[in-house]
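# Working through the structure, step by step
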Amino acid sequence: MRLWFARHGEVEAKFVGSFIGRTDVQLSDLGRHQAAALAAYLEEAELDAIISSPRRRALDTAAPLAKAKGMKLDIRSAFAEMDFGAWDGLFWEQIVAKDAVAAEAWKSGFMTTVSHGGESGTVFSERVAAGLDALREEFKWRTVALFAHAGVSRAVLSYTMKRPYTDAFAFGQDYGNISAAGWSEEGFGQIALWNFVPGPRAKKQGD
């Protein structure tokens, strides 16, 4: 299977840099330009499906391509951003002020710590991996586009490299970027493109 995977466009300024997982926010004007640029970049690509996270920012980023292609969006919860529980929608400074001990515990061990009531890094990355397993089985020998989030893109990277999810944080994730990966019949995966932004770049990446 060949996979194009994109991070959603820039979100409203008041949310840039906050912990937005399940929180639904709108794209900024720049984010909408980035969505249009992604659609233009992929318009000539042969696609068998356009998959999206259920979050509004991902859906709105995928919508221009779906319209240009005359295709329906296939919405899959496996590719929603990490759920930050009680911290969702907050900035790090607010989280520390709310509970410094829990914040420090999460910072040093987020792969297993869920004191804020959301998902651990392990649960999240395994959720995305299960979604990718399902896609690869369903779309063998075909090509799909996935519109999701920074965390999901890094989970795709770690899945493809067969490396721990934390290793993927060494790689940047800009708003409105597109990456690409593919897998052979034997299961060998390869990243073909990473973090390319075909449209206007945001000044802050919120990541």
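Note that the coordinates shown come from a computational prediction; the quantities given were computed from them, not determined experimentally. (Residues numbered from 1 in each chain as written. Predicted model: local features only at pLDDT ≥ 70, side-chain atom pairs only at ≥ 80, totals over all residues. Heavy atoms only, no water.)

### Some words on the sheet that holds strand β4 (residues 143-148)
A sheet is described by the order of its strands in space; here six strands give the open sequence β3-β2-β4-β1-β5-β6, paired in mixed fashion. Where the open sheet ends on each side, the last strands, each with one partner, are β3 (73-75) and β6 (189-196). For this sheet, the mean angle separating the axes of adjacent strands, direction not counted, is 20°. Where strand β1 (residues 2-7) meets strand β5 (residues 178-183), five bridges bridge the pair, whose relative direction is antiparallel. By the bridge assignment for β5, L3 is matched with A181. (Pairing = 2+ DSSP bridges. Helix = DSSP H or I, 4+ residues; strand = E, 2+ residues; numbered from the N terminus. Axes fitted to C-alpha atoms, helices over the stretch in contact; angles between N-to-C directions.)

### Quick look at the pattern of salt bridges
In total, this model carries 10 salt bridges according to the counting rule given. Among the salt bridges present, the one from R56 reaches D60, with a minimum N-O distance of 3.5 Å. One end of the pair, R56, and the other, D60, are both in helix α2 (residues 56-69), four residues apart, so they sit about a helical turn from each other. Several salt bridges converge on common partners, so that one network encompasses D74, R76 and E138. (Salt bridge = Lys/Arg side-chain N within 4 Å of Asp/Glu carboxyl O.)

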